[in-house]
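# A closer look at the structure
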Amino acid sequence: MNLSPNLKSFLNEAGDIARFTGRFFSQTIRPRFEWNEFIRQCFVIGYLSLPLVGLTAFIMGLVLTMQLRPSMVDYGVESQLPAIVGIAIVREIGPVITALIFAGKIGSSIGAELGSMKVTEQIDAMEVSGTNPFKYLVVTRVLAATFMLPVLVLLGDSISLYGSYLGVNVKGSTSFYLFWMQVFDNLSFSDVLPAFVKSFFFGFAVGIVGCYKGYNSMKGTEGVGRSANSAVVLSSILIFIIDLLAVQITDALGIN
Amino acid sequence: MLMQTEETEIQTTANDQPGNVVLRIHHLYKSFGSNKVLVDFHLDVIRGESLVVLGKSGSGKSVLIKCIIGLLEPDEGDIEIFGESISAMTAEALDKIRARVGFLFQSNALYDSMTVRENLEFPLRRHWIQVSQQEINDMILQALDDVGLAHTIDMMPAELSGGMRKRIALARTLILKPEIILYDEPTTGLDPITSREIIQLMMDIQDKYNTTSVIISHDMNCVRTASDRVVVLVDGRCYALGTFEELSRSQDEKVKQFFA
């Protein structure tokens, strides 16, 4: 069968990423575990991303509220503004925007760091120093990205809702207590759980793609730049694909 | 001097000194796609000697050294280090062998995110060497003293010059007191003065610790100064073997091109 070169290259890369992911799982379950490096990566990937995630979440909540207000006023449901914004942020906008910011910051940083280590033989140096570089570099980063993104999403949602509270009060007056009561009265378990679960998959996608691109980086410094760039592009696309699948699954399971 | 021609096969084994052979390469083949890089390469390295593998860029020198340390898997053939075949080894056994074989990378391969101290500490920690923190500190200072850079202990690799980075990489290689050190083009990218300093340092280390050195190079100054024996790698084969003086008198065209 004659396949176009682009399709062939796409299928080859998809196969390589699948093999890389399989290797990740097989290496993750085997001792020894790199706990120290995992904790360090949680700090770098999670804690150090908090200022950026927090800032973007705050602005997002504020702007979303201010832009929704005129339409809500037109329909005479201004009092429902906290509930609508709360559901939008918790169910969709919070996880997706946080994941995209995360992909931009962490996906590119992992891609560039591992790519640079690859082309300067640092990964080989680790191997001859009695270290399994895949476990030390890839497993720790992917796990840290997988577990830190949901935490960032929860924190980002809270900061975003606080931004929304300030947005509500720009042209109106709502007490802090009333705002939160309205948000939480209209949120249910089925709003929070699917959003929380899908953020694990978003984090995994960012981690595995960043590591794959960096670990297989070639052609010197040009390749490092390309790895960082393609890590962001591919992980962003995967975030939307996972989001699409998640909504289909929650629909099918009746979690709405 | 021993030469390989179309009809003859070079004698590269050291049958008279079997106990002293620390590294034995048997009929090694390595290809990348259709590109045959190593073809029936065989060689013995004797304990305490300094052997230089000389060849053109892209002739497979780095591939050879990476096969020796197990970073690349040969297509065929076998490599024995201290009498043990590395192809049959488990990952744990290979790690133990690697603790006895140092590798100086062409690009130094210092970890950018770690200080000089952490770079030197890394192999000690990862090879699970049972030593106290005080002993680790002493070993780091000793290795840095050996390369004359004790004052850089808390610096980052990015703050060091090219020559200093090479010395720190050598210190990291030395920290486990390896019996064999593999040098991958140790003077590439250095100015002539720094190159001479690095070569002198390599020779001092060999004298001090009685290590065996396998040096990959195309720097003739390095070959002249640091070699006890020289292997000329041509078309993936061990084409000629001898001392620098023997090979420099060779009338063979392929050998002469290096020594002209």
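Above this text you will find the structure in question.
If you're wondering where the values come from, they're calculated on a predicted model, not measured in any experiment. (Residues numbered from 1 in each chain as written. Chains lettered and ligands numbered in written order. Predicted model: local features only at pLDDT ≥ 70, side-chain atom pairs only at ≥ 80, totals over all residues. Heavy atoms only, no water.)

## Considerations on the pairing of strand S5 (residues 76–81) of chain B
Residues and elements named next belong to chain B. Worth spelling out the cut-off: Strand pairing is assigned whenever DSSP detects at least two bridges linking the two strands. Secondary structure elements are defined from DSSP: runs of H or I of at least 4 residues count as helices, runs of E of at least 2 residues count as strands, and each element is numbered from the N terminus.
Where strand S2 (residues 21–32) and S5 come together, 5 bridges link them in antiparallel fashion. Paired with histidine 26 across the bridge in S5 is aspartate 78. Where S5 lies against strand S6 (residues 84–85), 2 bridges are found, and the strand directions are antiparallel. Bridge pairing links glutamate 80 to serine 85 in S6. Counting the residues that bridge the hairpin from S5 to S6 gives 2 residues, and of these phenylalanine 82 lies at a positive phi of roughly 50 degrees.

## Quick look at the packing of helix H3 (residues 116–126) of chain B against helix H4 (residues 133–146) of chain B
Residues and elements named next belong to chain B. Note the cut-off: Axis definition: a line fitted to C-alpha atoms, over the contacting stretch in the case of helices. Angles run 0 to 180 degrees between N-to-C directions. Roughly parallel means an angle under 35 degrees; roughly antiparallel, over 145; roughly perpendicular, 65 to 115; everything else is oblique. In this scheme the crossing of two helices becomes right-handed for a clockwise turn of the near helix relative to the far one and left-handed for an anticlockwise turn of less than a right angle. Here a residue-residue contact requires only that any non-hydrogen atoms of the pair lie within 4.5 Å.
Put simply, H3 and H4 touch, their axes get as near as 10 Å, and they point 120 degrees apart. When the axis of H3 is compared with that of H4, the two are oblique. Regarding H3 and H4, the two cross each other, and that crossing is right-handed. Contact residues: Val116, Arg117, Leu120, Glu121, Leu124 and Arg125 in H3; Gln133, Ile136, Asn137, Met139, Ile140, Ala143 and Leu144 in H4.

## Topic: the sheet that holds S2(B)
Residues and elements named next belong to chain B. Across the sheet, 4 strands lie side by side as S3-S2-S5-S6; this open sheet has antiparallel pairing. Each edge of the open sheet is held by one strand with a lone partner, namely strand S3 (35–46) and S6. Relative to S3, S2 is paired through 8 bridges, and the arrangement is antiparallel. What sits directly across from phenylalanine 32, in S3, is asparagine 35.

## What about the side chain of B:Ser227?
Residues and elements named next belong to chain B. The cut-off we apply is this: Note on classification: 1.4 Å probe, protein chains only; a residue is buried when its accessible area is under 20% of the maximum for its type, exposed when over 50%, partly exposed between these limits. Polar contact is defined as a pair of N or O atoms within 3.5 Å, subject to the rule that within protein one atom must be able to donate a hydrogen and the other to accept it, and that residues adjacent in sequence are counted only when both atoms are side-chain atoms.
Looking at where serine 227 falls in the secondary structure, it is placed in the loop between helix H7 (220–226) and strand S10 (229–234). Among the residues examined, serine 227 registers a relative accessible area of 13% and is labelled buried. At a separation of 2.5 Å, a polar atom in the side chain of serine 227 contacts the main-chain carbonyl oxygen of valine 223.

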